[in-house]
Amino acid sequence: MLLALLVCGLVIVLVTLGLLVFGLRRRLIQRSGGTFDCSLRWDAPEKGDTSGKGWQYGVARYNGDRVEWYRVFSYSPRPKRMLERSAIEVVDRRSPEGEEELALLSDALVLGCRHRGVRLELAMSEDALTGFLAWLEAAPPGQRVNVA
């Protein structure tokens, strides 16, 4: 009986510690500002796949001439993807369709892009999309930025 209580207490402490570290990581990412909720689908199909597969929920942060994308459900302090402003080409913009509506946040819009030859899709709120497109267009002189 005592062993069972000890094991249960240890499990509770470990789960609480894990959640605490998880929340602390998110706070540290958002501390410097310039963050927004952003789902990402890397190596996205060209057209017509509205199954909702491949979407990962995350937080993006502006950092100079790049956007750092962090998975929400991760303990890693490093970004999963880094998108350089000069390498992002906006291909299309659309509303979520089919099962995507269930996989993404309710107010999300999907932005189809290319980054160094890889097709990707970013889903974010309309306000975040406006800020993202403004950030892309605010590239320093001499940098080529393709915004559709």
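Note that the coordinates shown come from a computational prediction; the quantities given were computed from them, not determined experimentally.

(A) Broad picture of the packing of aromatic side chains. Counted under the stated rule, the structure contains 3 aromatic pairs. With a centroid separation of 5.4 Å and an interplanar angle of 45 degrees, the aromatic rings of Tyr-62 and Trp-135 are classed as tilted. Pair noted here: Tyr-62 is in strand β3 (residues 58-63) and Trp-135 is in helix α3 (residues 126-137), with a separation of 73 residues, a long-range link. Its relative accessible area of 24% is what places Tyr-62 among the partly exposed residues. A residue is classified by how much of its surface remains accessible, and Trp-135, at 11% relative accessible area, is buried. Here Phe-132 and Trp-135 contribute two aromatic rings whose centre-to-centre distance is 5.9 Å and whose plane-to-plane angle is 35 degrees, an arrangement assigned as tilted. With Phe-132 and Trp-135 both in helix α3, this residue pair falls 3 residues apart, about one helical turn. The residues Phe-132 and Trp-135 share a single accessibility class, namely buried. Feature note: the residues Phe-36, Tyr-62, Phe-132 and Trp-135 constitute an aromatic cluster, connected by ring pairs. The ring of Trp-42 carries the charged tip of Arg-81 above its face, separated from the ring centre by 4.0 Å.

(B) Broad picture of the nonpolar core. Leu-122, Met-124 and Phe-132 are the most contacted members of the largest nonpolar core, which totals 20 residues. Not counting residues within four places of it along the chain, the set of residues in contact with Met-124 comprises Phe-36, Asp-37, Cys-38, Asp-107, Ala-108, Leu-109, Leu-129 and Phe-132. Ranked by size, the runner-up nonpolar core spans 5 residues in total, among them Trp-55, Leu-104, Ala-108 and Val-110.

Thresholds applied
Residues numbered from 1 in each chain as written. Predicted model: local features only at pLDDT ≥ 70, side-chain atom pairs only at ≥ 80, totals over all residues. Heavy atoms only, no water. Phe/Tyr/Trp six-rings, centres within 6.5 Å; stacked < 30°, edge-to-face > 60°. Helix = DSSP H or I, 4+ residues; strand = E, 2+ residues; numbered from the N terminus. Buried < 20%, exposed > 50% of the residue type's maximum accessible area, 1.4 Å probe, protein only. Lys NZ or Arg CZ within 6 Å of the ring centre and 35° of its normal. Core = buried A, V, L, I, M, F, W, Y, C linked by side-chain atoms within 4.5 Å. Contact = heavy atoms within 4.5 Å.

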